[in-house]
Amino acid sequence: MEKIDIKNLTLDELEQEIVNMGEAKFRAKQIFSWLHQKNVSSFDEMSNISKDFREKLNNRFKMTNIEIVDKLISSVDKTTKYLFKLENNHIIESVLMKYSYGNAVCISSQVGCRMGCTFCASTLDGLERNLTTAEMVSQIYKIQQDSKEKIRSIVLMGSGEPFDNFDNFLKFIEIINHKDGLNIGQRHITVSTCGIVPKIYELADKKLQINLALSLHAPTDEKRKSIMPIAKKYTVREIVEACKYFAKTTKRRVTYEYALIAGVNDTEEDAKEIIKLLKGSLAHINLIPVNDVKERNYIKSSKEQIKNFATLLKNAGIETTIRRELGSDINAACGQLRKSYKY
Ligand code: SAH
């Protein structure tokens, strides 16, 4: 029988497995805590579990191991980019960001990405595979262990489209939020999507308290299609309706991410279209001066242009912020994470 990766299991699933093995249910909680709080890398470290039972565990389960292979620290703001090697030698990237209110980790959800956004490095060679839940939680545990920093919040904004890996993403949330695990509050978790409409509804109906960020980047279908292939599948109107449903159902404000690209999506006309789209809804716009990706030749809008764009939105009553660019000297900023590190 193929061994099960034990860190892929929620506590309920682990309890089921443990009971099926003829052991007491409470053992599952102990094991879960070793895995998700104490971050052990072998069953032998589980000192309150008998040797016999540890052996049984070893026969039934395996433990994912991801390995830090490189670490780049920004000289500007101490943002740290971690490169992890997965068991089959794929490389993924995650970022530790230090804010005055606490530390945030940005994790990847896939090796590569198949969404094809024209401004993003993560999608350059397409999708390799989904990450398992174990690989998603392990990015956080490893960063916490290495940096000795407490992690306060998590953003799913690294490589990949989390809603293209929906089931593993949901299990990830359940485990990382669990009181017997790291216990990271749902309100401290943000998932970003390029706009997979049915999944936005599905997530809304789960009534979780996590934050939704929507990568808008263009206010009309025509313009969006020219930079984001997913726009051929779902219209801007459908996406915004889904986000409004999310905001209504969860009472959580939705953040719209908008990377400003000179001459592409930064005109007054674009701002007016956004206002038409979002006026009066529980929304927040986060403007991101587009980051460099060496294979692409997009240019950031000027500071002046960004300020004017923000002012137009604010004057229309839409809450707007301009994102600080963290870690751009180490290619750790939005859209700069990728699956290979030979660059
Ligand atoms: N696939 C998800 C998660 C990725 S999050 C999504 O699309 O939302 C990464 C964020 O950075 C997204 O908003 C993405 O659109 C944005 N981004 C990608 N490339 C960028 C770039 N070159 N400059 C600024 N933001 C970028």
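Every chain is numbered independently, its residues counted from 1 as its sequence is written. Residue-level local features of this predicted model are given only where pLDDT is at least 70; pairs of side-chain atoms are given and counted only at 80 or more, and the full residue set underlies all totals for whole chains, interfaces and linings. Where side-chain values are given, they derive from all heavy atoms of the structure, hydrogens and water being excluded.

1. Concerning the overall build of the protein
Part 1 of the argument: Numbering goes from the N terminus for both helices and strands, where a helix is a DSSP run of H or I of at least four residues and a strand is a run of E of at least two. Helix and strand counts for the protein stand at 10 helices and 14 strands.
Part 2 of the argument: Expressed as lengths along the three principal axes of its C-alpha atoms, the size of the protein is roughly 70 × 40 × 35 Å.
Part 3 of the argument: Residue contacts follow a heavy-atom distance rule, with two residues in contact if any of their heavy atoms lie within 4.5 Å. Across the protein, contacts joining residues at least 24 apart in sequence account for 66% of those joining residues at least 6 apart.
Part 4 of the argument: Accessible area of the protein: about 15500 Å², with a carbon and sulfur share of 47%. Only the protein chains shown count as cover for residues, and all accessible areas are computed by the Shrake-Rupley method using a 1.4 Å probe.

2. Observations regarding the domain arrangement of the protein
Part 1 of the argument: Each domain of the protein was delimited in the assignment, giving domain 1 (4-62) and domain 2 (67-330).
Part 2 of the argument: Throughout, the edges of the domains are those of an automatic or database domain assignment. In this structure, domain 1 and domain 2 have C-alpha centres spaced 33 Å apart.
Part 3 of the argument: At the interface, 15 residues of domain 1 touch 16 residues of domain 2.
Part 4 of the argument: Put simply, buried area is how much 1.4 Å-probe accessible surface two parts lose in total, over both of them, once they are put together. Approximately 1300 Å² of surface area, both sides summed, lies buried where domain 1 meets domain 2, with 51% of it carried by carbon and sulfur atoms.
Part 5 of the argument: Looking at the side of domain 1 facing domain 2, the largest losses of area belong to N8, H36 and N39, adding up to 38% of the total buried there.
Part 6 of the argument: The working definition used for a salt bridge is a side-chain nitrogen of Lys or Arg within 4 Å of a carboxyl oxygen of Asp or Glu. Linking domain 1 to domain 2 there are two salt bridges.

3. Let's talk about the state of the cysteines
Part 1 of the argument: In plain terms, two cysteine sulfur atoms within 2.5 Å form what is called a disulfide here. Enumeration according to the criterion identifies zero disulfides in this entry.
Part 2 of the argument: Lacking any disulfide linkage, C243 is separated from the closest cysteine sulfur, that of C194, by 11 Å.
Part 3 of the argument: When a residue's accessible area, from a 1.4 Å probe over protein chains only, is under 20% of the maximum for its type it is buried; when over 50% it is exposed; and in between it is partly exposed. According to the relative accessible area criterion, C243 is buried, its value standing at 0%.
Part 4 of the argument: Left unpaired, C334 is separated from the closest cysteine sulfur, that of C106, by 7.3 Å.

4. A short note on helix α5 (residues 166-177)
Part 1 of the argument: Multiplying 1.5 Å by the helix residue count minus one yields the expected span of that helix. For α5, which comprises 12 residues, the first-to-last C-alpha distance of 16 Å matches the rise-based estimate of 16 Å (1.5 Å per residue) to within 8%.
Part 2 of the argument: For α5, the complete set of buried residues consists of F166, F169, L170, F172, I173, I175 and I176.
Part 3 of the argument: Here the buried face of α5 lies against α2 (26-36), α4 (133-147), β9 (151-156), β10 (189-193) and α6 (197-205).

5. Observations concerning the environment of V76
Part 1 of the argument: Tracing the sequence through the fold places V76 in the loop between β3 (67-73) and β4 (80-85).
Part 2 of the argument: Separated by 201 residues in the primary sequence, V76 and L277 have C-alpha atoms spaced 36 Å apart.

6. What about the site of the ligand?
Part 1 of the argument: Proximity is defined per residue: if any heavy atom of the residue lies within 4 Å of a molecule or strand, that residue is considered near it. In the region of the ligand, 20 residues are neighbours, and F119, S192, S215, H217 and N291 sit closest.
Part 2 of the argument: Two N or O atoms form a polar contact when they lie within 3.5 Å of each other; inside protein one atom must be a possible hydrogen donor and the other a possible acceptor, and for residues adjacent in sequence the pair counts only when both atoms belong to side chains. In this structure, a nitrogen atom belonging to the ligand sits 3.0 Å away from a main-chain N or O atom of G160.
Part 3 of the argument: Here E257 contributes a side-chain N or O atom positioned 3.1 Å from an oxygen atom of the ligand.
Part 4 of the argument: Look at the ligand: alone it shows 540 Å² of surface, and the protein chains cover 96% of it.
Part 5 of the argument: Broken down by secondary-structure element, the contributors of at least two residues to the shell around the ligand are β10 and β12 (254-260).
Part 6 of the argument: Ten residues, namely Ala, Val, Leu, Ile, Met, Phe, Trp, Tyr, Cys and Pro, are considered nonpolar, four, namely Asp, Glu, Lys and Arg, are considered charged, and the remaining ones, Gly among them, are considered polar. Across the shell around the ligand, the residue classes break down as 10 nonpolar, eight polar and two charged.

7. Observations regarding the packing of helix α9 (residues 268-278) against helix α10 (residues 303-315)
Part 1 of the argument: The angle between two axes is taken between their N-to-C directions and runs from 0 to 180 degrees, where each axis is a line fitted to C-alpha atoms and a helix contributes only its stretch in contact. In contact at an axis separation of 10 Å, α9 and α10 are set at 30 degrees when each is read in the N-to-C sense. Relative to α10, the element α9 is oriented roughly parallel. The handedness of the crossing between α9 and α10 comes out as right-handed. On the side of α9, the interface is formed by E268, D270, A271, I274 and I275, while α10 contributes F309, L312 and L313. Angle categories: roughly parallel below 35 degrees, roughly antiparallel above 145, roughly perpendicular from 65 to 115, and oblique for all the rest. The sense of a crossing depends on the near helix, which, turned anticlockwise from the far helix by less than a right angle, makes the crossing left-handed and, turned clockwise, makes it right-handed.

8. Topic: the packing of α6 against helix α8 (residues 236-250)
Part 1 of the argument: Running from N to C, α6 and α8 point in directions that differ by 5 degrees, and their axes come no closer than 9 Å. One way to sum up the angle between α6 and α8 is to call them roughly parallel. Each of V197, I200, Y201, L203, A204 and D205 in α6 lies in contact with α8, whose residues at this interface are E238, I239, E241, A242, C243, Y245, F246, T249 and T250.
Part 2 of the argument: Each residue belonging to the contact of α6 with α8 can be placed in one class, and the counts come to 10 nonpolar, two polar and three charged.

9. A short note on helix α3 (residues 51-60)
Part 1 of the argument: Among the residues of α3, F53, R54 and L57 are the ones counted as buried. Projected down its long axis, α3 shows its buried positions confined to an angular sector of 105 degrees, all on one face. Facing away from the buried surface of α3 by more than 90 degrees, the exposed residues are K51, D52 and N59.
Part 2 of the argument: If you follow the buried residues of α3, they end up packed against α1 (11-20), α2 and β2 (61-62). Directions are taken from the helix axis to each C-beta atom, and the arc is the one they span.

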